[in-house]
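# Structural description and commentary
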Amino acid sequence: MSERRSHTPRPLKKYPWQRAAAERGAGAGPRSAAGAGVPGPPHSESAPGAVDGTPVNDEHSVVDAAVYREGRRVGAPDSLAATYRRLREQPGAMAWIGLYRPSEAELLSLAEEFDLHKLAIEDAMEAHQRPKLERYGETLFVVLRAARYLDAVEEVDFGELHVFVGPDFVITVRHGAAPDLSAVRTRLEAAPELLALGPEAVLYAILDAVVDGYAPVVSGVQNDIDEIETEVFRGDPAVSRRIYELSREMVEFQRATRPLVGMLRGLMAGFDKYGTDEELQRYLRDVADHVTHTSERVDGFRSALTDILAVNATLVTQQQNAEMRALAEAGFEQNEEVKKISAWAAILFAPTLVGTIYGMNFTHMPELHWVLGYPFALLLMAVVCVSLYVIFKRRDWL
């Protein structure tokens, strides 16, 4: 990193949304009607933190702001304007400003003070960016996706972190609960010899914290996969939904980790060009190794979940086939019983029919007074029943 530039007043840059607001007129943008379309005055002691004449209210989004010199905190301003002022008063110092979901006015104030590129500011405003590393002159803009594992719900929660690294400043913009940068700041302040290496040391510590935060997630996901495998072979009907949800999380995890490999390679490629300290080079290589390992684990998780999903689909199909076969067998057995009942009903119906006819007792019925009428009726019943029995037996109804 080069020496800090002098803080001479600069004309306020015109960002696309500012031009649009000026064209729309009063009340259409973040500025007042009086300031619409007219660049405001540069920062001054009387109007600290003003952007286009509008004061910046940073009470809620500034998590921590500090000025460091030779690795030690020399100031803890309570606002952005005070941080700017304290940094100007400390030649060779470095400012580290931590923000959580800042307002547009705050980002514009930072852009004016530290000459941040408008494209980087737009990305920081919109969030939902992919992990990337961009260099704008002397400023690095880094987008990271942090992750944490929520044990209570067994889910992976992702956060987004934007980092601006300049010659004498580091600005972090968080759009989620992860990572915990207060721990990073505490760690660096406890190692002033590392913090004295400047903004690059802060960037390393942030990268290291984000990558270390992946380890509990990897462990939690591994436990989830082990549980899912047990549920699959146990036949839990809800396991398919859990596999799908975990697969979606692994897609997000892959999007968070895979670009980091290329980003760190890009950083390492610029070691010689930008004169990165040798100790920092070693640290960054270690972070790169951890990222590569994590990325490989995530790729393995996706493959494992794909295989588990295929196995689950096979087991579900087998179970459905077994159920269909059981239903078919039950239907076949039921059909056999119905056939037996029908056959015996037909056999018993024949003598009933004969007996009913001969029992009508009409005077002029044929064979009514025939001596052989009774034996004939019995013989007829027997012949019909035996004939029906033989017929049904041959057809396997009995």
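Below or above, wherever it landed, is the structure these notes cover. Please read these numbers as outputs of a predicted model, since none were measured by experiment. (Residues numbered from 1 in each chain as written. Predicted model: local features only at pLDDT ≥ 70, side-chain atom pairs only at ≥ 80, totals over all residues. Heavy atoms only, no water.)

### So, the sheet that holds strand E4 (residues 132–136)
Short version of the rule: Strand pairing is assigned whenever DSSP identifies at least 2 bridges connecting the two strands. Under the scheme used here, helices are H or I runs from DSSP no shorter than 4 residues and strands are E runs no shorter than 2 residues, and both carry numbers assigned from the N terminus. For helices, the fitted line uses only the C-alpha atoms of the stretch in contact; every axis is such a line through C-alpha atoms, and the angle between N-to-C directions lies from 0 to 180 degrees. Between two residues, a contact is recorded if the distance between any of their heavy atoms is within 4.5 Å.
One open sheet accounts for seven strands, arranged E2-E1-E3-E7-E6-E5-E4; its pairing is mixed. Only two strands of the sheet have a single partner each, and these edge strands are strand E2 (72–75) and E4. Pairwise comparison of adjacent strand axes, ignoring direction, gives a mean angle of 25° for this sheet. Sheet topology note: the strand E5 (residues 139–150)/strand E6 (residues 155–165) ladder contains eleven bridges and is antiparallel. Its bridge partner lying in E6, Ala146 is registered against Gly159. Of the strands in this sheet, E5 and E6 are in contact with helix H8 (residues 214–234), which crosses E5 at around 35°. Across the sheet, helix H9 (residues 239–269) lies against E4, E5 and E6, angled at about 145° from E5, the strand it touches most.

### Digging into a nonpolar patch on the surface
Worth spelling out the cut-off: The patch calculation keeps residues exceeding 30% relative accessible area without a salt bridge and links them within 9 Å when they carry like charges or within 5 Å when they are nonpolar (Val, Leu, Ile, Met, Phe, Trp, Tyr). To be clear on the numbers: accessible area is Shrake-Rupley with a 1.4 Å probe, and residue cover counts the displayed protein chains and nothing else. By definition, a salt bridge exists where a carboxyl oxygen of Asp or Glu is found within 4 Å of a side-chain nitrogen of Lys or Arg. Relative accessibility thresholds used throughout: buried, under 20% of the residue-type maximum; exposed, over 50%; partly exposed, between the two (1.4 Å probe, protein chains only).
Together, Trp370, Val371, Leu372, Phe376 and Leu380 line one region of the surface with nonpolar side chains, adding up to about 480 Å² of accessible area. Summarising the element assignment, Phe376 is placed in helix H12 (residues 373–394). Given the relative accessible area of 33%, Phe376 is considered partly exposed.

### Quick look at the packing of helix H11 (residues 278–358) against H12
Short version of the rule: Between 65 and 115 degrees an angle is taken as roughly perpendicular, under 35 as roughly parallel, over 145 as roughly antiparallel, and anywhere else as oblique. Crossing handedness is read from the near helix: turned anticlockwise from the far helix by less than a right angle, it gives a left-handed crossing, and turned clockwise, a right-handed one. Just so you know the grouping, Ala, Val, Leu, Ile, Met, Phe, Trp, Tyr, Cys and Pro go in nonpolar, Asp, Glu, Lys and Arg go in charged, and all remaining residues, Gly too, go in polar.
Relative to each other, H11 and H12 sit at 160°, their axes nearing to 9 Å. Classified by the angle their axes make, H11 and H12 are roughly antiparallel. Here H11 runs over H12; the crossing is right-handed. Of H12, the residues touching H11 (which contributes Ala343, Trp344, Ala346, Ile347, Ala350, Pro351, Val354, Gly355 and Tyr358) are Phe376, Ala377, Leu380, Met381, Val384, Cys385, Leu388, Tyr389 and Phe392. Here the contact of H11 with H12 is built from residues that sort into 17 nonpolar, one polar and no charged.

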